[in-house]
Every structure is written in C-alpha cells, then in structure tokens.
Amino acid sequence: MPERSGVEVRLENLQRRYGAVVALDDLSLTIAPGELVALLGPSGCGKTTALRLLAGLEDADGGRVVIGGEDVTGLPANRRNIGMVFQAYSLFPHMVAWENVAFGLQMRGVGLAERKKRAIDVLELVGLSRFANRYASQMSGGQQQRVALARALAISPQVLLLDEPLSALDAKVRSRLRDEIRRIQLEVGITTLFVTHDQEEALAIADRVGVMQSGRLEQLGPPMTVYSRPATPFVADFVGLTNRIQGTVSRGSVDVRGATIPLVDSSVPDGPATALVRPEAVSLVGNGEAQEGPLIGTVIAVAFLGATSRVTVDLGDITVLAQLPTSAAAEHPAGTRVKLALRPDPVLVDSHN
Amino acid sequence: MAAVRRGVQGTRRLKLQVFRIIVFVAAGLFFLVPIGAMVEFSTRGVGDQPRTLAAWQSIGTYPDLVAAITASLELAAITTIAMLVLLVPTMVWVRLKLPRLNPIIEFICLLPLTIPAIVLVVGLFPIYNWMGTNFSDSILTLSIAYVVLVLPYAYRSLEAGLASIDVKTLTEAARSLGAGWFTVMWRIIVPNISSAILNSAFLSVALVLGEYTIANNLLYNNLQVEIAMLGRANAGVSIAVAVASLLFAFVVLVLLSFFNRGRGRLQLVELQQVMRTERG
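Okay, the overall build of chain B next. On a plain count of helices and strands, chain B comes out with twelve helices and zero strands. Counting helices and strands in the order they occur from the N terminus, chain B gives α-α-α-α-α-α-α-α-α-α-α-α. Relative to the compact-globule value of 19 Å for 280 residues, chain B shows a C-alpha radius of gyration of 25 Å, a clear excess of over 25%. Residues counted as buried form 36% of the 280 residues belonging to chain B. The contacts in chain B between residues at least 6 apart in sequence include a share of 75% that link residues at least 24 apart. Of the roughly 16,400 Å² that chain B leaves accessible, carbon and sulfur atoms contribute 70%.

Dropping the structure here:
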C-alpha cells in the first residue's frame, strides 16, 4: 500500500440548525491522514450537512472545522483546499473535459501549458485521457463522474469530499467506479470523506464507517465491526438486515424461542426484550414436517441473491429471514416445513419494545 | 395490402405538405404585405414621376431624426446592459441563497406587464420631473423607465435559461475549485445561459426601439416619437425610417437565430457521439 500523505481532519462539536430542525447535533469526528471515512445514514440524518460544513458551502452554528491543524471554520469554500465530487453531474457544460479539470489550476494561477499537461495527467489517472476534448454532453454518466473526480484531484487538495457521487449511476457502473475511487484514493493517499445512503457502498469502500441518525454519530468503526458488532439497535437495523425476535434477558444472555444467545452488552437488565438477529445467524436444520415448536415454521419465499439465497420463514406469529448458501436454500422450497437454528453469536437487544 | 397502406400514407404526407405551404405563404403575406406597402409608399414619386429613393436618401438630412435614432440606439444599449447587470446576478443569488423569494421576484418582474404604459407614465412623471430639475433631463434617463418596461420579457427568458442548468451544483463546484463569486458569474453562469441572455437582450432592444408612449408623454424625442412627428411633415421619410428600424430588428433576429441554430447543431453532434460511445 502506498504511503499515506493526507492531513488530519477534525470536526469538533459541529452544530447546524434549519429553523426548528436540528441537522447536526454536536457532531465530532476525526479522520486520520489518508483515511477514507464513509458517513452512512438515512435521508435527513445530517451526513450531507456535515460534508457541506467541511467544504465551507454552509456555515456552522457552532463548533470547529480543523484541517491539517488549521482552524478553517470561518474560511469560505473557495479558500479551503478541498476537492469535491457532487451527487449531481457537475461538469461545466461549456468546457471540454481537460478544461474542466484545469479550471481549479487556473484559479490558482497555473499557466496554460502547465495546467493542460497536469489536467491530461490526472485524466490519465482516471483512465479518461482520450476523452480530454469531449464536452460533458458527449460522455456517459460514469465518465462524467470520473472527470469530476479528476477535476477534484487536479488541485492537489488536502481533503477529498464525495457527496453520493455514484447514486445517479446504474448498478454495474456504480460498482466499477466505487472500486476505482478506492484505488485512486489509496494511490493518491488523500484524506477522504464519503457520504452515502448505500450501506453496501460504505462497507465496501471505507476504512471506517460512521452511521448517523438525527444529526448524531451513532457508531464509528471499521466496516466489519459496524456490521457484526453494532453499537445500537438503530445501527443494527440500518446496517444489513435484522430479525427482531421477542425474548427474555437473563444473566447476560437472551432466551429466544427456546434458544439461548449471549448478549453483546451483558449489563442489560433481566426482563423481556427484542433480540436483533442477523439472517446469516439463522440456519435451517432438518425437516419440520409433523413437528411443532417455537422455531418450526413454513418457508413462504426464497429470494435468489447469487451465491446465497434469502429464505423467509413464517413461524406463525412472526416471519424470520435466513440467509443461506443457495445450494442449501434449494432444499427448502416455498411451502416446506422447516426447523430453525440460531447461531450463538452475541446479539444486541432492544429493550424499548 | 401494403401497397394500399403506402398509398394512403403518401396521400396524407402530401396533404400535410400542402397545408404547411399554405400556412407558410399566408403567414409570410401577413407580415410582408404591410412592409411591401410601406416600401412602395416610401419610394413613390410625386405625381407622375417614376419611383425614387429620395425619401430614404434624405433620412440623414433631418438632424432631429438622426439625433433620435442615435438616442434610441444608446437607450437600447444602456437599457439592455442595465437590465442584464441588475437581473442576472439577482436571479442567480435568489436561486442560490433565497429560493423562497423567487415567487416575489417573479411577481415584481412580471408586474409591468399588467400595467398599461400610459398608467406607468402617470407614476413616472413626478419622478422624471424631479430628476429633470435636480439630476439630468437627458433623454438617456429614459433607460430607467425602460429597464422596468423590459423586466417581464427579460425575466421570462433568463428564467428559462437558468432552469436549463443546475445553477447550485455548478456554482458550488466552481467555488470548491477556488472561484470567487465574480468568477462564478462570469466564467460559469453567463456562458451557460448565453442563449437566454441574447434572447433577453434582443427583446429589450426590440422593445426600446419600438417604444412610443412613455417617451412621448414624458416629452422626450426618441425614434418612434420622431417618426410620428416626421409623418406629419414628410410621410415618405417617416415610413422609410419605420421600414429601416423594422429591418434593423429583423437583422438582429436573424443573427440571433443563426447563433442558436449553431448551438442546436452542436448539441445534435454531441448526442450522436454519446450514442456511439454507449454502443461502443
């Protein structure tokens, strides 16, 4: 991996209100030099507001933005050294690709020959140097976003901000460009904040994922931790699919329909609670024909996802999702009776039923 | 069966073609006959004398008329520039920072459309009276009233131009790359709404060159007032000037349509290239 040369970015107690709506509620976040942090959350959770405050496109009501040790809270957007790729196509329609990429360099007083050379070099980095003389309207959406990325990188910014840059693209292009963004980010070693509502995107690309809700950071951690050890029921619900199954907490574990599962947080008081169980922790064991029991039910749907399939099982009072290898799922077509087993991985419980 | 269908379709196409030609000829006659009559009148000889261009040639010999033509052209230029300087930044700013004010700005800009010019004069008269005494009584001060007069037409045209681009994203992209507000306006917004700016400029020029009521009632002699006055003394010259001003407006319109057609052709080429890229 190339040596990381980015700067540290700190958002300290950021606050932002729109009338009565609190968009950011005391948000603090530190991004290490060269790190890619993805902010993930539902619409209106404040992730884009955080990014816009960092870019200087909006003013904070309170708190500080510190980039590379320098307080830039009061600096306007054009005086912060930040590259940004937007959700909407943002290439200047009257300029060809290389002119778009060279625009930031022109603003910094770089001469024509030098900025053209550097623009072509950066276009080469995103694999589009042969489109240097094309207008935005002569390129596909994916190509436009790659040129936008080149334009943001051409000014050698201290920080790269990506505001849902893939959301307007179709699935195949999105996945390819996502990997390309990560490759370039690692190659350049730039500190990056990536905002998205697509959890798959965030988990695939980021060094750390921050899950936001109502202007606050619910959890910040490596993708694997956020997925497998969600800090709050909201994170468990938002990241990945979760079965909510009624159970009873007793001495550091939860009894769910006869199965005992350890808790992530053993300090939860005893009593009724909802266990949050991942579909991949649910498996189908044996034939449930002619049997009765709390974990025996009927398969009502099988969704083919490629290597795995998602099986929906009706237990009478609730439905439970199980994610299995497709070959295993094929043995249990819709209508068959099955018995469920719950893997004893530590789970979170939601005691606010 | 297919031959019959082709025959029916061919007949339909022919009928449509004939209809188009009839409409085109009728519209052409509607516009050209009055202008032809004006040209015929302005070149008519006295009594039995043959046709002459004397009226056209004598346009330059009327000092008041030349002064009025100059003043109207200056007014057209000042009004257009003032309107653009006032309207373009305001509309962009409102879109970016105060979108809730957009309906109010639209209402204010469209208001002059609902007020007859003669009513406008009643309101303007005391202001011009005061300006004449304390500031200047130059005919060029009419440009203030004319900016108000052209607002509705210019607003509509510029609004259409701004709606065709993503002003907010383009502005923020340019700002994040280091551009100040003036650079954003001059290097990013203006080039992308150039057609709308040209359209609004043309409408302003056409309106100012054809304006009579306000100038006449505020006692200024612009082109139209001078044409009306000249019509009483020498109808031939008056009509020649009217035709000349129509031709001037026509030339501006043709130039504008050529510019827009060039852009349209460019967009078609761009579209074809994208389709080739997508196929590739």
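What follows deals with the domain arrangement of chain B. All names here are of chain B. As far as domains go, chain B holds domain 1 (1-42) and domain 2 (61-277). Relative placement of domain 1 and domain 2: their C-alpha centres are 34 Å apart. Summing the contributions of domain 1 and of domain 2, the shared interface buries around 480 Å²; its carbon and sulfur component is 94%. At the junction of domain 1 and domain 2, the tally comes to zero salt bridges. There are zero residue pairs in polar contact (both at pLDDT 80 or more) connecting domain 1 and domain 2. Among the residues making up the side of domain 1 that touches domain 2, the classes are represented as four nonpolar, one polar and no charged.

What follows covers the packing of aromatic side chains. Applying the stated criterion across every chain yields a total of six aromatic pairs over all chains. With centroids separated by 5.7 Å and ring planes inclined at 15 degrees, the aromatic side chains of Phe234 of chain A and Phe238 of chain A adopt a geometry described as stacked. Of the two residues, Phe234 of chain A and Phe238 of chain A are both situated in helix α8 (residues 233-238); the distance of four residues between them amounts to about one turn of the helix. With centroids separated by 5.3 Å and ring planes inclined at 75 degrees, the aromatic side chains of Trp93 of chain B and Trp181 of chain B adopt a geometry described as edge-to-face. Highlighted residues: Trp93 of chain B in helix α3 (residues 63-97) and Trp181 of chain B in helix α8 (residues 181-192), separated in sequence by 88 residues. The exposure class of Trp93 of chain B is partly exposed, given its relative accessible area of 40%. Classification of Trp181 of chain B as partly exposed rests on a relative accessible area of 33%. In this structure, Arg151 of chain A is placed above the aromatic ring of Phe92 of chain A, and the distance from its NZ or CZ to the ring centre is 4.6 Å. Taking NZ or CZ as reference, Arg278 of chain A lies 4.3 Å from the ring centre of Tyr227 of chain A, over its face.

On to the pairing of strand β17 (residues 308-314) of chain A, then. Residues and elements named next belong to chain A. In this structure, strand β16 (residues 296-304) lies alongside β17, joined through six bridges in antiparallel fashion. Bridge pairing in β17 links Ala303 to Arg310. Counted between consecutive antiparallel strands, the loop separating β16 from β17 contains three residues, among which Gly306 sits at a positive phi close to 110 degrees. For β17 and strand β18 (residues 319-325), the ladder comprises seven bridges, and the chain directions are antiparallel. The residue of β18 that forms the bridge with Asp314 is Thr319.

So, on to the sheet that holds strand β14 (residues 271-277) of chain A. Sheets are built from strands that pair by backbone hydrogen bonding, the pairs being arranged parallel or antiparallel. Residue and element names in this part refer to chain A. Strand order across the open sheet formed by five strands is β13-β12-β11-β14-β20, with antiparallel pairing between neighbours. Two strands bound the open sheet, and with one partner strand each, they are β13 (259-262) and β20 (348-350). Each strand axis lies, on average, 45 degrees off the axis of its neighbour in the sheet, ignoring direction. By the bridge criterion, three bridges tie strand β11 (residues 243-250) to strand β12 (residues 253-256) in an arrangement that is antiparallel. The residue bridging Thr248 from the neighbouring strand is Asp255, located in β12.

The rules we used
- Residues numbered from 1 in each chain as written.
- Chains lettered and ligands numbered in written order.
- Predicted model: local features only at pLDDT ≥ 70, side-chain atom pairs only at ≥ 80, totals over all residues.
- Heavy atoms only, no water.
- Helix = DSSP H or I, 4+ residues; strand = E, 2+ residues; numbered from the N terminus.
- Rg over C-alpha atoms; globule rule 2.2 N^0.38 Å.
- Buried < 20%, exposed > 50% of the residue type's maximum accessible area, 1.4 Å probe, protein only.
- Contact = heavy atoms within 4.5 Å.
- Areas by Shrake-Rupley, 256 points an atom, 1.4 Å probe, with all protein chains shown as cover.
- Domains from an automatic or database assignment.
- Buried area = accessible area lost by both parts, 1.4 Å probe.
- Salt bridge = Lys/Arg side-chain N within 4 Å of Asp/Glu carboxyl O.
- Polar contact = N/O pair within 3.5 Å; in protein donor to acceptor, adjacent residues only side chain to side chain.
- Nonpolar A, V, L, I, M, F, W, Y, C, P; charged D, E, K, R; others polar.
- Phe/Tyr/Trp six-rings, centres within 6.5 Å; stacked < 30°, edge-to-face > 60°.
- Lys NZ or Arg CZ within 6 Å of the ring centre and 35° of its normal.
- Pairing = 2+ DSSP bridges.
- Axes fitted to C-alpha atoms, helices over the stretch in contact; angles between N-to-C directions.

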